[in-house]
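Here are the chains, one letter per residue:
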Amino acid sequence: MKVLVATEKPFAKVAVDGIRKEIEAAGYELALLEKYTDKAQLLDAVKDANAIIIRSDIIDAEVLDAAKELKIVVRAGAGYDNVDLAAATAHNVCVMNTPGQNSNAVAELALGMMVYAVRNFYNGTSGTELMGKKLGIHAYGNVGRNVARIAKGFGMEVYAYDAFCPKEVIEKDGVKALDSAEELYKTCQVVSLHIPATAETKNSINYALLKDMPKGAMLVNTARKEVINEAELIKLMEERADFKYMTDIMPAANAEFAEKFAGRYFSTPKKMGAQTAEANINAGIAAAQQIVGFLKDGCEKFRVNK
Ligand code: 3PG
(Lines give C-alpha, C1' and ligand atoms only; values in the text may rest on other atoms or scores of the structure.)
Protein backbone atom coordinates (compact mmCIF):
# COMPACT_ATOMS: atom_id res chain seq x y z
CA MET A 1 0.00 0.00 0.00
CA LYS A 2 1.28 3.43 -0.87
CA VAL A 3 0.40 6.46 1.24
CA LEU A 4 1.06 9.87 -0.30
CA VAL A 5 1.50 13.03 1.75
CA ALA A 6 0.58 15.82 -0.68
CA THR A 7 1.04 19.19 0.99
CA GLU A 8 1.53 22.42 -0.93
CA LYS A 9 2.16 23.95 2.54
CA PRO A 10 4.32 21.27 4.20
CA PHE A 11 4.13 19.92 7.74
CA ALA A 12 7.07 20.48 10.09
CA LYS A 13 9.74 17.80 9.53
CA VAL A 14 9.10 16.28 12.96
CA ALA A 15 5.48 15.65 11.93
CA VAL A 16 6.52 14.00 8.65
CA ASP A 17 8.89 11.76 10.64
CA GLY A 18 5.97 10.77 12.89
CA ILE A 19 3.71 10.05 9.91
CA ARG A 20 6.45 7.92 8.31
CA LYS A 21 6.82 5.90 11.52
CA GLU A 22 3.08 5.10 11.62
CA ILE A 23 2.88 4.21 7.93
CA GLU A 24 6.03 2.05 7.86
CA ALA A 25 5.09 0.26 11.10
CA ALA A 26 1.91 -0.84 9.29
CA GLY A 27 4.05 -2.24 6.45
CA TYR A 28 3.11 0.50 3.97
CA GLU A 29 5.25 2.80 1.84
CA LEU A 30 5.29 6.62 2.30
CA ALA A 31 5.66 9.02 -0.63
CA LEU A 32 6.03 12.79 -0.25
CA LEU A 33 4.92 15.60 -2.53
CA GLU A 34 5.66 18.85 -0.71
CA LYS A 35 5.61 22.50 -1.85
CA TYR A 36 4.28 21.59 -5.28
CA THR A 37 3.55 24.53 -7.52
CA ASP A 38 1.54 22.91 -10.28
CA LYS A 39 -1.58 20.71 -10.29
CA ALA A 40 0.16 18.47 -12.86
CA GLN A 41 2.63 17.41 -10.14
CA LEU A 42 -0.28 16.36 -7.92
CA LEU A 43 -2.02 14.53 -10.78
CA ASP A 44 1.17 12.58 -11.42
CA ALA A 45 1.88 11.81 -7.75
CA VAL A 46 -1.61 10.42 -7.03
CA LYS A 47 -1.52 7.85 -9.88
CA ASP A 48 -0.48 4.87 -7.74
CA ALA A 49 -1.47 6.16 -4.28
CA ASN A 50 -3.86 4.04 -2.22
CA ALA A 51 -4.25 6.73 0.43
CA ILE A 52 -3.53 10.46 0.54
CA ILE A 53 -2.91 12.85 3.43
CA ILE A 54 -3.58 16.50 2.56
CA ARG A 55 -4.02 19.91 4.20
CA SER A 56 -5.80 22.66 2.23
CA ASP A 57 -4.83 20.92 -1.02
CA ILE A 58 -7.63 20.72 -3.59
CA ILE A 59 -8.97 17.24 -4.26
CA ASP A 60 -11.44 17.57 -7.12
CA ALA A 61 -12.90 15.21 -9.74
CA GLU A 62 -9.80 15.56 -11.94
CA VAL A 63 -7.48 14.47 -9.12
CA LEU A 64 -9.83 11.60 -8.23
CA ASP A 65 -9.94 10.48 -11.89
CA ALA A 66 -6.14 10.38 -11.94
CA ALA A 67 -5.94 8.43 -8.67
CA LYS A 68 -7.07 5.04 -9.96
CA GLU A 69 -5.90 3.09 -6.87
CA LEU A 70 -7.20 5.53 -4.28
CA LYS A 71 -9.28 4.29 -1.34
CA ILE A 72 -9.05 7.09 1.22
CA VAL A 73 -8.17 10.80 1.55
CA VAL A 74 -7.55 12.25 5.00
CA ARG A 75 -7.58 16.02 5.38
CA ALA A 76 -5.13 16.56 8.27
CA GLY A 77 -7.15 19.36 9.81
CA ALA A 78 -10.73 20.42 10.37
CA GLY A 79 -12.21 22.08 7.28
CA TYR A 80 -12.78 19.85 4.25
CA ASP A 81 -14.25 22.41 1.86
CA ASN A 82 -11.20 21.73 -0.34
CA VAL A 83 -12.40 18.18 -1.12
CA ASP A 84 -15.19 17.46 -3.60
CA LEU A 85 -17.13 15.05 -1.40
CA ALA A 86 -19.71 14.10 -4.05
CA ALA A 87 -16.95 13.25 -6.53
CA ALA A 88 -15.11 11.24 -3.85
CA THR A 89 -18.26 9.26 -3.09
CA ALA A 90 -18.80 8.67 -6.82
CA HIS A 91 -15.22 7.35 -7.02
CA ASN A 92 -15.82 5.12 -3.97
CA VAL A 93 -13.19 7.04 -1.99
CA CYS A 94 -13.58 7.57 1.75
CA VAL A 95 -12.87 11.12 2.98
CA MET A 96 -12.01 11.92 6.61
CA ASN A 97 -10.81 14.90 8.61
CA THR A 98 -8.98 15.01 11.93
CA PRO A 99 -11.22 17.25 14.07
CA GLY A 100 -9.69 19.00 17.08
CA GLN A 101 -6.08 18.12 16.32
CA ASN A 102 -4.94 21.61 15.32
CA SER A 103 -7.54 23.67 17.16
CA ASN A 104 -5.38 25.03 19.98
CA ALA A 105 -2.88 26.40 17.44
CA VAL A 106 -5.64 28.22 15.54
CA ALA A 107 -7.13 29.57 18.79
CA GLU A 108 -3.74 30.89 19.97
CA LEU A 109 -3.32 32.73 16.67
CA ALA A 110 -6.80 34.29 17.00
CA LEU A 111 -5.91 35.69 20.42
CA GLY A 112 -2.48 36.76 19.14
CA MET A 113 -4.14 38.77 16.37
CA MET A 114 -6.48 40.39 18.92
CA VAL A 115 -3.54 41.55 21.06
CA TYR A 116 -1.71 42.82 17.95
CA ALA A 117 -4.78 44.85 16.96
CA VAL A 118 -5.59 46.41 20.35
CA ARG A 119 -1.90 47.38 20.76
CA ASN A 120 -2.04 49.29 17.46
CA PHE A 121 0.10 46.76 15.55
CA TYR A 122 2.96 47.37 18.03
CA ASN A 123 3.61 50.84 16.62
CA GLY A 124 4.67 52.37 19.93
CA THR A 125 1.45 54.28 20.68
CA SER A 126 -0.92 53.56 23.60
CA GLY A 127 -3.44 50.88 22.75
CA THR A 128 -6.07 49.16 24.87
CA GLU A 129 -6.37 45.82 26.68
CA LEU A 130 -8.45 42.74 26.01
CA MET A 131 -9.44 42.47 29.68
CA GLY A 132 -13.09 43.47 30.12
CA LYS A 133 -13.88 43.49 26.40
CA LYS A 134 -16.82 41.43 25.17
CA LEU A 135 -15.72 38.64 22.85
CA GLY A 136 -18.22 36.89 20.58
CA ILE A 137 -17.34 33.43 19.35
CA HIS A 138 -19.20 32.65 16.14
CA ALA A 139 -19.52 28.85 16.14
CA TYR A 140 -18.59 26.87 19.20
CA GLY A 141 -16.64 23.91 17.81
CA ASN A 142 -13.14 22.75 18.71
CA VAL A 143 -11.44 26.06 17.85
CA GLY A 144 -14.21 28.18 19.38
CA ARG A 145 -13.93 26.24 22.66
CA ASN A 146 -10.17 26.83 22.82
CA VAL A 147 -10.65 30.53 22.05
CA ALA A 148 -13.11 30.73 24.97
CA ARG A 149 -10.67 29.03 27.33
CA ILE A 150 -7.78 31.34 26.45
CA ALA A 151 -9.94 34.51 26.31
CA LYS A 152 -11.21 33.85 29.83
CA GLY A 153 -7.56 33.84 30.95
CA PHE A 154 -7.24 37.32 29.46
CA GLY A 155 -10.28 38.43 31.50
CA MET A 156 -12.57 38.89 28.51
CA GLU A 157 -16.34 38.53 28.85
CA VAL A 158 -17.06 35.60 26.54
CA TYR A 159 -20.24 35.07 24.48
CA ALA A 160 -20.95 32.50 21.77
CA TYR A 161 -23.52 31.66 19.15
CA ASP A 162 -23.67 28.30 17.42
CA ALA A 163 -26.67 27.22 15.35
CA PHE A 164 -25.92 23.53 16.01
CA CYS A 165 -24.56 23.43 19.57
CA PRO A 166 -27.08 23.31 22.47
CA LYS A 167 -26.93 26.37 24.74
CA GLU A 168 -26.33 24.18 27.84
CA VAL A 169 -23.12 22.81 26.28
CA ILE A 170 -21.80 26.34 25.72
CA GLU A 171 -22.89 27.60 29.14
CA LYS A 172 -21.24 24.80 31.07
CA ASP A 173 -17.92 26.33 29.95
CA GLY A 174 -18.88 29.62 31.64
CA VAL A 175 -19.64 31.20 28.25
CA LYS A 176 -22.88 33.14 27.66
CA ALA A 177 -24.84 31.49 24.83
CA LEU A 178 -26.83 33.87 22.62
CA ASP A 179 -29.82 33.10 20.41
CA SER A 180 -28.68 34.47 17.07
CA ALA A 181 -25.69 35.71 15.10
CA GLU A 182 -27.34 39.16 15.02
CA GLU A 183 -27.40 39.28 18.83
CA LEU A 184 -23.75 38.18 19.02
CA TYR A 185 -22.54 40.94 16.67
CA LYS A 186 -24.69 43.59 18.42
CA THR A 187 -23.34 42.59 21.83
CA CYS A 188 -19.63 42.04 21.22
CA GLN A 189 -16.86 44.48 20.38
CA VAL A 190 -14.61 41.64 19.23
CA VAL A 191 -15.96 38.74 17.14
CA SER A 192 -13.88 35.66 16.33
CA LEU A 193 -15.12 33.61 13.38
CA HIS A 194 -15.11 29.81 13.47
CA ILE A 195 -17.78 28.83 10.94
CA PRO A 196 -16.93 26.44 8.09
CA ALA A 197 -17.25 27.46 4.43
CA THR A 198 -20.47 25.84 3.18
CA ALA A 199 -23.15 26.81 0.67
CA GLU A 200 -25.09 28.36 3.59
CA THR A 201 -22.22 30.33 5.16
CA LYS A 202 -20.52 31.71 2.03
CA ASN A 203 -20.71 35.55 1.99
CA SER A 204 -22.82 35.38 5.18
CA ILE A 205 -20.63 37.82 7.15
CA ASN A 206 -22.05 40.91 5.55
CA TYR A 207 -22.83 44.58 6.08
CA ALA A 208 -26.17 43.93 7.78
CA LEU A 209 -24.54 41.73 10.41
CA LEU A 210 -21.41 43.83 11.02
CA LYS A 211 -22.91 47.32 11.01
CA ASP A 212 -24.35 47.05 14.53
CA MET A 213 -21.13 45.96 16.24
CA PRO A 214 -20.26 48.28 19.15
CA LYS A 215 -17.77 51.13 18.78
CA GLY A 216 -14.15 49.99 18.43
CA ALA A 217 -15.25 46.81 16.70
CA MET A 218 -12.85 44.09 15.58
CA LEU A 219 -13.54 41.07 13.38
CA VAL A 220 -11.01 38.24 13.61
CA ASN A 221 -11.08 35.58 10.89
CA THR A 222 -9.16 32.35 11.33
CA ALA A 223 -11.89 30.39 9.52
CA ARG A 224 -12.27 30.84 5.74
CA LYS A 225 -12.19 33.85 3.43
CA GLU A 226 -15.29 32.63 1.55
CA VAL A 227 -17.57 33.36 4.51
CA ILE A 228 -16.84 37.09 4.24
CA ASN A 229 -18.73 39.34 1.86
CA GLU A 230 -15.61 41.34 1.00
CA ALA A 231 -17.32 44.16 -0.92
CA GLU A 232 -19.68 44.78 1.99
CA LEU A 233 -16.89 44.63 4.57
CA ILE A 234 -14.95 47.24 2.56
CA LYS A 235 -18.05 49.48 2.43
CA LEU A 236 -18.49 49.13 6.19
CA MET A 237 -14.82 49.89 6.94
CA GLU A 238 -15.02 52.95 4.70
CA GLU A 239 -17.96 54.18 6.77
CA ARG A 240 -16.54 53.19 10.16
CA ALA A 241 -12.99 54.34 10.91
CA ASP A 242 -13.20 52.48 14.25
CA PHE A 243 -13.58 49.03 12.62
CA LYS A 244 -10.61 46.63 12.46
CA TYR A 245 -10.30 43.43 10.39
CA MET A 246 -7.66 40.83 11.28
CA THR A 247 -7.49 37.75 9.11
CA ASP A 248 -5.43 34.59 8.70
CA ILE A 249 -6.88 34.01 5.24
CA MET A 250 -5.82 36.64 2.74
CA PRO A 251 -8.90 38.20 1.09
CA ALA A 252 -9.21 38.26 -2.70
CA ALA A 253 -9.24 42.07 -2.32
CA ASN A 254 -6.12 42.13 -0.10
CA ALA A 255 -4.49 45.03 -1.99
CA GLU A 256 -7.59 47.20 -1.59
CA PHE A 257 -7.94 46.37 2.14
CA ALA A 258 -4.23 47.10 2.72
CA GLU A 259 -4.31 50.40 0.86
CA LYS A 260 -7.55 51.74 2.33
CA PHE A 261 -7.31 50.51 5.90
CA ALA A 262 -3.67 50.76 6.96
CA GLY A 263 -3.33 50.41 10.73
CA ARG A 264 -6.66 48.59 11.12
CA TYR A 265 -6.32 45.74 8.65
CA PHE A 266 -3.91 42.81 8.87
CA SER A 267 -3.60 39.57 6.93
CA THR A 268 -1.03 36.83 7.32
CA PRO A 269 0.75 36.22 3.99
CA LYS A 270 -0.24 32.54 4.08
CA LYS A 271 -2.79 30.81 6.34
CA MET A 272 -0.77 29.90 9.41
CA GLY A 273 -3.29 29.16 12.16
CA ALA A 274 -2.32 25.48 12.11
CA GLN A 275 1.36 26.13 11.43
CA THR A 276 2.88 24.85 14.67
CA ALA A 277 4.96 21.74 15.19
CA GLU A 278 2.41 20.55 17.75
CA ALA A 279 -0.59 20.95 15.42
CA ASN A 280 1.31 19.36 12.52
CA ILE A 281 2.27 16.38 14.68
CA ASN A 282 -1.24 15.95 16.12
CA ALA A 283 -3.08 16.26 12.81
CA GLY A 284 -0.48 14.42 10.69
CA ILE A 285 -0.16 11.44 12.99
CA ALA A 286 -3.93 11.23 13.52
CA ALA A 287 -4.32 11.18 9.71
CA ALA A 288 -1.75 8.37 9.39
CA GLN A 289 -3.44 6.35 12.15
CA GLN A 290 -6.88 6.85 10.59
CA ILE A 291 -5.55 5.57 7.25
CA VAL A 292 -4.05 2.47 8.88
CA GLY A 293 -7.30 1.87 10.82
CA PHE A 294 -9.33 2.18 7.63
CA LEU A 295 -7.10 0.03 5.41
CA LYS A 296 -6.50 -2.69 8.01
CA ASP A 297 -9.80 -2.79 9.93
CA GLY A 298 -12.29 -0.82 7.84
CA CYS A 299 -12.66 1.78 10.61
CA GLU A 300 -14.66 4.74 9.26
CA LYS A 301 -14.66 6.98 12.34
CA PHE A 302 -14.26 10.60 11.16
CA ARG A 303 -15.60 9.80 7.68
CA VAL A 304 -17.23 12.96 6.28
CA ASN A 305 -18.72 11.65 2.99
CA LYS A 306 -21.24 9.28 4.52
C1 3PG B 1 -8.14 23.57 9.17
O2 3PG B 1 -9.21 23.57 8.53
O3 3PG B 1 -7.77 22.56 9.80
C4 3PG B 1 -7.32 24.82 9.25
O5 3PG B 1 -7.88 25.83 8.47
C6 3PG B 1 -5.86 24.61 8.91
O7 3PG B 1 -5.63 24.44 7.54
P8 3PG B 1 -4.18 24.13 6.94
O9 3PG B 1 -3.81 22.74 7.31
O10 3PG B 1 -4.33 24.32 5.49
O11 3PG B 1 -3.21 25.12 7.53
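Just so you know, these numbers come straight off a predicted model, no measurement behind them.

**Section: the UniProt feature "domain: D-isomer specific 2-hydroxyacid dehydrogenase catalytic" (unreviewed entry) in the protein**
Then, in step 1: Summarizing the sequence annotation, UniProt attributes the feature "domain: D-isomer specific 2-hydroxyacid dehydrogenase catalytic" (unreviewed entry) to residues 22-305 in the numbering used throughout.
Then, in step 2: Here residues 22-305 runs as 37% helix and 16% strand, with 24 Å between its end C-alpha atoms.

**Here we look at the site of the ligand**
Then, in step 1: As a matter of local geometry, the ligand sits amid Lys9, Arg55, Ser56, Arg75, Gly77, Ala78, Gly79, Asn102, Arg224, Lys271 and Ala274.
Then, in step 2: Note that an oxygen atom of the ligand is positioned 2.9 Å from one of the side-chain N or O atoms of Arg55.
Then, in step 3: Between the ligand and Asn102 there is a distance of 2.9 Å, counted from an oxygen atom to a side-chain nitrogen or oxygen.
Then, in step 4: Contact with the protein chains hides 95% of the accessible area of the ligand, taken as 320 Å² for the molecule alone.
Then, in step 5: Tallied by class, the residues present in the shell around the ligand amount to two nonpolar, four polar and five charged.

**Quick word on the packing of helix H5 (residues 103-118) against helix H6 (residues 142-153)**
Then, in step 1: Where H5 contacts H6, the axes come no closer than 8 Å and their chain directions differ by 50 degrees. In terms of their interaxial angle, H5 and H6 are classed as oblique. Remark: the crossing between H5 and H6 carries right-handed chirality. Judged by residue contacts, Ser103, Asn104, Val106, Ala107, Glu108, Ala110 and Leu111 of H5 engage Asn142, Val143, Asn146, Val147, Arg149, Ile150 and Ala151 from H6.

**Some points on the sheet that holds strand E11 (residues 244-247)**
Then, in step 1: Pairing within the open sheet is parallel, and its seven strands lie in the order E8-E7-E6-E9-E10-E11-E12. Edge positions in the open sheet fall to strand E8 (176-177) and strand E12 (265-267), since each of these has one partner strand only.
Then, in step 2: In terms of strand pairing, strand E6 (residues 134-138) meets strand E9 (residues 190-193) through four bridges, oriented parallel. Bridge pairing in E9 places Ile137 opposite Ser192.
Then, in step 3: Along the sheet, H6 makes contact with E6, strand E7 (157-161) and E9, crossing E6 at roughly 170 degrees.

**Digging into the environment of Thr198**
Then, in step 1: Of note, Thr198 is situated in the loop between E9 and helix H9 (207-210).
Then, in step 2: Exposure remark for Thr198: the relative accessible area of 26% places this residue in the partly exposed category.
Then, in step 3: For Thr198 and Glu226, which are 28 residues apart along the polypeptide, the C-alpha to C-alpha distance reads 8.7 Å.

**A word on the packing of helix H1 (residues 13-25) against helix H12 (residues 277-297)**
Then, in step 1: Remark: H1 packs on H12, axes separated minimally by 8 Å, with the N-to-C direction vectors making an angle of 15 degrees. Classed by the angle they form, the pair H1 and H12 counts as roughly parallel. Between H1 and H12 lies a crossing of right-handed hand. Residue-level inspection shows Val14, Ala15, Gly18, Ile19, Glu22 and Ile23 of H1 in contact with H12, the latter providing Ala277, Asn280, Ile281, Gly284, Ile285, Ala288, Gln289 and Val292.
Then, in step 2: Residues belonging to the contact of H1 with H12 are distributed by class as follows: nine nonpolar, four polar and one charged.

**Re H6**
Then, in step 1: With twelve residues, H6 should reach 16 Å at 1.5 Å per residue; the first-to-last C-alpha distance of 17 Å fits that figure.
Then, in step 2: Where H6 is concerned, the buried positions are Val143, Gly144, Asn146, Val147, Ala148, Ile150 and Ala151.
Then, in step 3: Summarising the contacts, the buried residues of H6 are in contact with H5, E6, E7 and E9.
Then, in step 4: Downstream of H6 by one or two residues, Gly155 has phi in the positive range, about 85 degrees.

Scoring rules and cut-offs
- Residues numbered from 1 in each chain as written.
- Predicted model: local features only at pLDDT ≥ 70, side-chain atom pairs only at ≥ 80, totals over all residues.
- Heavy atoms only, no water.
- UniProt positions renumbered as here; feature names shortened; annotations may be inferred.
- Helix = DSSP H or I, 4+ residues; strand = E, 2+ residues; numbered from the N terminus.
- Near = heavy atom within 4 Å.
- Polar contact = N/O pair within 3.5 Å; in protein donor to acceptor, adjacent residues only side chain to side chain.
- Areas by Shrake-Rupley, 256 points an atom, 1.4 Å probe, with all protein chains shown as cover.
- Nonpolar A, V, L, I, M, F, W, Y, C, P; charged D, E, K, R; others polar.
- Axes fitted to C-alpha atoms, helices over the stretch in contact; angles between N-to-C directions.
- Parallel < 35°, antiparallel > 145°, perpendicular 65-115°, else oblique.
- Left-handed = near helix turned anticlockwise from the far one by under 90°.
- Contact = heavy atoms within 4.5 Å.
- Pairing = 2+ DSSP bridges.
- Buried < 20%, exposed > 50% of the residue type's maximum accessible area, 1.4 Å probe, protein only.
- Expected span 1.5 Å × (residues − 1).

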